[in-house]
Amino acid sequence: MMQPPAVALGVRLRVLAARADDCAAQVIPDVVLGSHDDPDAVVAFARGCDVVTFDHEHVPTAVLERLIEQGVAVHPGADALLHAQDKAVMREQLGALGVPVPRWTRLDAASVDAAMHTAAQFARETGWPFILKAIRGGYDGKGVWRIETPQQLREVVETAHERGVELIAEVLVPFVRELSAQVARSPHGQAVAYPVVETVQRDGVCREVYAPAPGLGADRSAQAQRIALTVARELDVTGMLAVELFQTADGALSVNELAMRPHNSGHWSIDGAVTSQFENHLRAVLDLPLGAPTPHAPVAVMANVLGLDLPDVYPAYLHCMARDPGLKIHMYGKAVKPGRKIGHVTVLGDNLGDCVERATHAAAYLRGEIDE
């Protein structure tokens, strides 16, 4: 998704791909095969690159530090990226900055009994149920457990201890919806904020995005944008930053997660904003002036295509494009797995309900859930 703006700007991309058929490798000519956690492979890949950036947060800190030691420009830097990799570090730092986060504690990793003791104490103070999260590696609902009983708590803690996974406990936030505030920031400190969006999650996976978040007042929207801009500045983030937020019934906001890269909650911007998150990420890491994040229409709705039941998607294209000429379809070239995001659709308009109907119909048809 960064290739089209790169072509327009005359910027040549190189991609480190695990396999030749990875989705980015299908559209970028300069492909180097290798693993992101292999220091030698990453160093060899970076030779000749002006800047190295990422589409996920899983590159080990030691690999990034080795690049930086060799004079490679890495954006975001290892110190910033750590806050998107380690949930405990992130919460500690955000708390120190006065950014609202749910109450939490790190479980004692010395033994199962030690972790159980910490979790039990947390439950006594905050109540059941509560949430356990893997400090590193969780994604799209993985590495997150809602703990209802002491028996369930022990099962999760024992399994995590066997696998060497450290955990935090966090209060179960009674949120009414989830929001995402995205900003782009360049190395010299210029920053722009996109409209705050609502993300509709099912089973820990984002299904739809509404831009801007409906019914979010100007004050709350500005608060969410200030939070994201503060985090970007104080953590010295370069590139795109997505701050995922909980909103409770009284309107209060708290930070759930950070993502230091173009994020699924911003895919609407490809068709719906003057400058997409992918172009602004590219501009930011190259320290070019940032583009306007202004929306093209009052409402944009993106719906993810999760999994695929159709043997041939071409007939579905005919239906969806004929039914809604304003629809934009993006398929990623990914291998199909149940629940995996393999594409998305975006529609623009004036009415939220109409846009939601158009987008969700197309996503369901492309997946094969409906046939009319």
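That block above? That's the structure.
A brief report on the enclosed structure follows. Values in this document were obtained by computation on a predicted structure and should not be read as measured data.

## Considering the packing of helix α2 (residues 39-46) against helix α3 (residues 61-69)
Relative to each other, α2 and α3 sit at 35°, their axes nearing to 10 Å. Considering the relative orientation of α2 and α3, their crossing is right-handed. Here α2 contributes P39, D40, V42, V43 and A46 to the contact with α3, which in turn contributes V63, R66 and L67. Across the contact of α2 with α3, the residue classes tally to six nonpolar, no polar and two charged.

## With respect to the nonpolar core
Buried together is how nonpolar side chains tend to be arranged in soluble globular proteins. Counting 38 residues, the largest nonpolar core has L241, L258 and M260 as its most contacted members. For this core, the secondary structure elements donating two or more residues are α2, α3, α4 (78-85), α5 (87-96), β7 (175-185), α8 (218-234), β11 (239-248) and β12 (253-259). Among the elements that line this core, the one with the most residues is α8, at five residues. Among the nonpolar cores identified, the runner-up in size contains 20 residues, and V200, C320, V345 and V356 belong to it.

## Focus on the pattern of salt bridges
In this structure the tally under the stated criterion is 24 salt bridges. When the shortest N-O distance is used, the salt bridge between R185 and D236 registers 3.1 Å. Of the two residues, R185 sits in strand β7 while D236 sits in the loop between α8 and β11, which places them 51 residues apart along the sequence. Given a relative accessible area of 10%, R185 falls into the buried group. Between D324 and R358 there is a salt bridge; the shortest N-O distance is 2.6 Å. Of this pair, D324 sits in the loop between α11 (314-323) and β14 (328-331) while R358 sits in helix α12 (residues 352-367), and the two are 34 residues apart along the sequence. Residue classification places D324 among the buried positions, given a relative accessible area of 9%. Sharing partners across several salt bridges, the network here consists of R91, K133, E170 and E257.

## Concerning the pairing of strand β13 (residues 299-306)
Among the eight residues of β13, eight are classified as buried, and the element is accordingly described as predominantly covered. Neither face of β13 is left uncovered, since the one carrying V299, V301, A303 and V305 and the one carrying A300, M302, N304 and L306 both have all their residues buried. Bridging between strand β10 (residues 205-211) and β13 involves four bridges; their strand directions are antiparallel. What sits directly across from V209, in β13, is M302. Relative to strand β15 (residues 341-349), β13 runs antiparallel, the two being bridged by eight bridges. Its bridge partner being in β15, A303 is matched across the sheet by V345.

## Some points on α12
Side chains of residues three or four places apart in an α-helix project in the same direction, reflecting 3.6 residues per turn. Helix length check: α12 (16 residues) gives 22 Å between terminal C-alpha atoms against 22 Å at 1.5 Å per residue, within 8%. On its buried side, α12 packs onto β10, β13, α11, β14 and β15. Two or three places before G353, at the opening of α12, N351 has a side-chain oxygen 3.1 Å from that residue's backbone nitrogen. Looking one or two residues past α12, G368 carries a phi angle of roughly 100°, positive in sign.

## Let's talk about the sheet that holds strand β3 (residues 104-106)
Spatially, four strands are ordered β3-β6-β4-β5 in an open sheet, and the strand pairing comes out antiparallel. Of all the strands in the sheet, just β3 and β5 (144-147) have a single pairing partner and so form its edges. Neighbour to neighbour, the strand axes of the sheet diverge by 25° on average, direction disregarded. Examined bridge by bridge, strand β4 (residues 130-134) and strand β6 (residues 167-171) share five bridges and lie antiparallel to one another. For F130, the partnering residue across the bridge sits in β6 and is V171. Against the sheet, helix α7 (residues 150-162) makes contact with β4, β5 and β6, and its axis sits at roughly 155° relative to β5, the strand it touches most.

Criteria and thresholds
By convention here, each chain's residues receive numbers from 1 onward along its written sequence. The model is predicted, so local features are restricted to residues of pLDDT at least 70 and side-chain atom pairs to those at 80 or more, both for listing and for counting; the totals for chains, interfaces and linings are taken over all residues. Side-chain descriptors were evaluated using all non-hydrogen atoms of the structure, hydrogens and water having been removed beforehand. In this analysis an axis means a line fitted to C-alpha atoms, helices contributing only their contacting stretch, and an angle means the value between N-to-C directions, from 0 to 180 degrees. The numbering of helices and of strands both runs from the N terminus, where a helix is a DSSP run of H or I of at least 4 residues and a strand a run of E of at least 2. Take the far helix as the reference: if the near one is turned anticlockwise from it by less than a right angle, the crossing is left-handed, and if turned clockwise, right-handed. Two residues qualify as a contact provided that any one of their heavy atoms is within 4.5 Å of a heavy atom in the partner residue. Gly falls in the polar group here, along with every residue not listed as nonpolar (Ala, Val, Leu, Ile, Met, Phe, Trp, Tyr, Cys, Pro) or charged (Asp, Glu, Lys, Arg). Residues belong to a common nonpolar core when they are buried Ala, Val, Leu, Ile, Met, Phe, Trp, Tyr or Cys residues joined through side-chain atoms within 4.5 Å. To sort residues, take the accessible area from a 1.4 Å probe on protein chains only and compare it with the maximum for the residue type: under 20% means buried, over 50% means exposed, and anything in between is partly exposed. Salt-bridge detection follows one rule: a side-chain nitrogen of Lys or Arg within 4 Å of a carboxyl oxygen of Asp or Glu. Each pair of strands is called paired provided DSSP finds at least two bridges between the two strands. Any helix carries an expected span of 1.5 Å times its number of residues minus one. Polar contacts, as counted here, are pairs of nitrogen or oxygen atoms within 3.5 Å of one another; within protein the pair requires one atom able to donate a hydrogen and one able to accept it, and residues that are adjacent in sequence qualify only if both atoms are side-chain atoms.

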